[in-house]
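The residues making up each chain are set out below.
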Amino acid sequence: MNDLRIINIEKKYNSRLPKNDSAFTLQPIGLTIKEGEFFSLLGPSGCGKTTLLKLVAGLIRADGGEIRMDDFDLTAVPPEDRRFAMVFQKSLLFPHMTVEENVAFGLKMQKVSKKMRLDQARNMLEHVGLQGFGFRHPDELSGGQQQRVALARALVAHPRLLLMDEPFSALDPSLREDMRELLRQIQKEFRVTVLFVTHDREEAFYLSDRIGVMSEGELLQVGTAQNLRDHPDTTKVAAFLGLKNLIEGTVTNGYFSSKLEEFEIPVPHLIEEGSCFLILRPEAIQLMPEGVIPGADAMHIRGEIQQLIFNHGFYIGKLKTANHQLECSFSSQQAKNMAAGQMVDLMISLNDIHIVKK
Amino acid sequence: MWQKSKPYLLLLPAIGTIVLLFFGGLFDGLLKSFGYFPAIGETRFEAAAYTELLQSSEFWASLVLTLRIAALSSLFAGVLGAIIAISLFLLNESTKSGTSQLWHRLFQLPLTIPHLVGGYIIVLLFMQSGFLSKILATAGIIDEITDFPVLVNDPFGWGIILTYAWKEAPFISLMIYPVLARIHRSWREVARVFGAGSWDFVHEIVLPAILPAWTIATFIVFVFTFSAFEVPFLLGVTYPSVLPVYSYQLYTSGTLADRPEALALNIILAAITILLGIVVYYFSKRWNVLKGWD
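In this text the structure is predicted, and so the values were computed from the model without any measurement.

1. Observations regarding a nonpolar patch on the surface
All names here are of chain B.
Part 1 of the reasoning: Judged by side-chain polarity, L11, I15, I18, V19, F22, F23 and L26 come together as a nonpolar surface patch covering roughly 650 Å² of accessible area.
Part 2 of the reasoning: Looking at where L11 falls in the secondary structure, it is placed in helix α1 (residues 2-33).
Part 3 of the reasoning: Looking at L11, the relative accessible area reads 46%, which means it is partly exposed.

Here it is as structure tokens:
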């Protein structure tokens, strides 16, 4: 199996300032990316995801650890011999070459004959929707088209691993969506293993089989999009994934009590006692039908609607409870009968509640 | 109206002087080359000077020598300049210290030295009784200093070629370095990821990228060396001499009757230079060396 194994890889950048020992440290990271998998590294700017990508590419020398593929140690192998490909934030096409020559560049380096490499380049251009653009120069293409060429250039040589460093971040939103769709389709078609770096949650969720969340040089959690969203390990992961309604409290004797003593709910026994956060996902909070009394398997929330904001076909409701500010999600139908200042009764199933350690 | 024309009026004295001296001199030379020379009583227009010049073997020998020296000087300066520029570029890529800046300054040094001084340095270094021959003789590599090849005041023009190669190489590197400086550091990374080693990167990316700027810079050196006077005058031989020196010889050593020939030679030289200038301009416009670079 051509799995990529990252074994305790680490990198330290020294600070130029004499007082700081190191400006940035990528903590030892261990990770296995399966053959044909689309894996994303998600994290804020400066968290070390591009450093990790460049370590995998061989463009930066690691201070420790190993990179292995197909049981071969690639750590000391120069990038030109790894048979990887990369798409950067900018297309970085060579301006003196035509589109076709740019796409065929990797094959030329592999000493593939001119006719064969140009045939393959044309074929790949067709795949990315740029048939007939081969004789143009990069400056004659739009930003989106240039990034398609960069994608074609990366895929044409059938790389063992495709590395992508925020490739769509410089594109406008609609173009970005088109490119995501194209990448998703092409990745499935070619079954290429992808290591994708992004700070865009939506992008990572849309494209990835699995996601690794990074922060301050550390890989915090790895999982599928749903797994990460439903069961974040820490508040850092939850906050970065944009999870709302984090309520601080403690777990004692099988019960969670919020710090401000508003909520008390039973929790499964396998949850460790101590300080923690309760996460109430906005979409899991339901409007309580009139006359219904919530059962023991649900938590009751009463509060005043402060604001209703229309967002992508549904409404975000800002709710003020006795001691907390919460965010809920309402359908247009539900929001029709609501107004700011109105008191509402809501409930959430205990199965939809998640508790994370502080 | 006044506001609009003010800058032009302010420039008028400077432009007037340049136009009068340059075009006036050229026009006077053109008239005299066609035999119009009232000082010696010639007021007719005829092409005799041109005919005589084109029929003389001295002219053709001089033209061949001038072309050879200009071509070889430009080629050597071009190759040397490109090597300097690429080396500085790679040095700059690999080191972040001030070392590359020091090398930059060092390679730019010949730019600050006048051509005549440059020529004199070559004389001191490469003549048979020069610095280099004495070192080689002392080291026992040659028996006598007379065994050292004649590189200065030689009929082939090696001394002139060496001077121009040394003096113009920094000019060429200076012309192509801005193009190199615009090569993204990331292109090196792109090339490496796609399998290009250092030589592949230079061959596939750096050289094609600098080729238009290099060709134009080398062409400029060719045009300059083709019409340059002082170094060939200092380092050349009496016969054959390069066209500008031949023209000077005709103008100063002959009688007044030889002057139309000397001036006809100057007009031919100016015509060839202008023609080459137009060629350079055409290619520089056509290639637009930084087109599409961001």
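Still more ground to cover, so stick around.
2. Observations concerning the sheet that holds strand β10 (residues 218-223) of chain A
Residue and element names in this part refer to chain A.
Part 1 of the reasoning: Taking strand neighbours across the sheet as the criterion, the six strands line up as β6-β7-β8-β3-β9-β10 in an open arrangement whose pairing is mixed. Each of the sheet's edge strands pairs with one partner strand only, and the pair in question is β6 (84-87) and β10. Across the sheet, the mean angle separating the axes of adjacent strands is 20 degrees when strand polarity is ignored.
Part 2 of the reasoning: As defined by bridge partners, β6 adjoins strand β7 (residues 161-165) across four bridges and the pair is classed as parallel. Among the inter-strand pairings, F84 is bridged to a residue of β7, identified as L161.

3. Observations regarding the interface of chain B and chain A
Part 1 of the reasoning: Counting residues at the interface gives 21 residues for chain B, matched by 24 residues for chain A.
Part 2 of the reasoning: Among the residues chain B hides against chain A, the three largest losses belong to R192, V193 and F194 of chain B. Together they make up 33% of the total.
Part 3 of the reasoning: Taken together, the links from chain B to chain A amount to three salt bridges.
Part 4 of the reasoning: Residue K108 of chain A is joined to E204 of chain B by a salt bridge in which the shortest nitrogen-to-oxygen separation is 2.9 Å.
Part 5 of the reasoning: There are four residue pairs in polar contact (both at pLDDT 80 or more) connecting chain B and chain A.

4. Details of the pairing of strand β4 (residues 64-69) of chain A
Residue and element names in this part refer to chain A.
Part 1 of the reasoning: With five bridges connecting them, strand β1 (residues 4-13) and β4 associate as antiparallel partners. Looking across to β4, one finds that I7 is bridged to E66.
Part 2 of the reasoning: For β4 and strand β5 (residues 72-73), the ladder comprises two bridges, and the chain directions are antiparallel. Bridge pairing in β5 places M69 opposite F72.
Part 3 of the reasoning: The turn linking β4 back onto β5 is made up of two residues, and D70 within it adopts a positive phi angle of 55 degrees.

Procedures and definitions
- Residues numbered from 1 in each chain as written.
- Chains lettered and ligands numbered in written order.
- Predicted model: local features only at pLDDT ≥ 70, side-chain atom pairs only at ≥ 80, totals over all residues.
- Heavy atoms only, no water.
- Patch = residues over 30% accessible without salt bridge, like charges linked within 9 Å, V, L, I, M, F, W, Y side chains within 5 Å.
- Areas by Shrake-Rupley, 256 points an atom, 1.4 Å probe, with all protein chains shown as cover.
- Salt bridge = Lys/Arg side-chain N within 4 Å of Asp/Glu carboxyl O.
- Helix = DSSP H or I, 4+ residues; strand = E, 2+ residues; numbered from the N terminus.
- Buried < 20%, exposed > 50% of the residue type's maximum accessible area, 1.4 Å probe, protein only.
- Pairing = 2+ DSSP bridges.
- Axes fitted to C-alpha atoms, helices over the stretch in contact; angles between N-to-C directions.
- Contact = heavy atoms within 4.5 Å.
- Buried area = accessible area lost by both parts, 1.4 Å probe.
- Polar contact = N/O pair within 3.5 Å; in protein donor to acceptor, adjacent residues only side chain to side chain.

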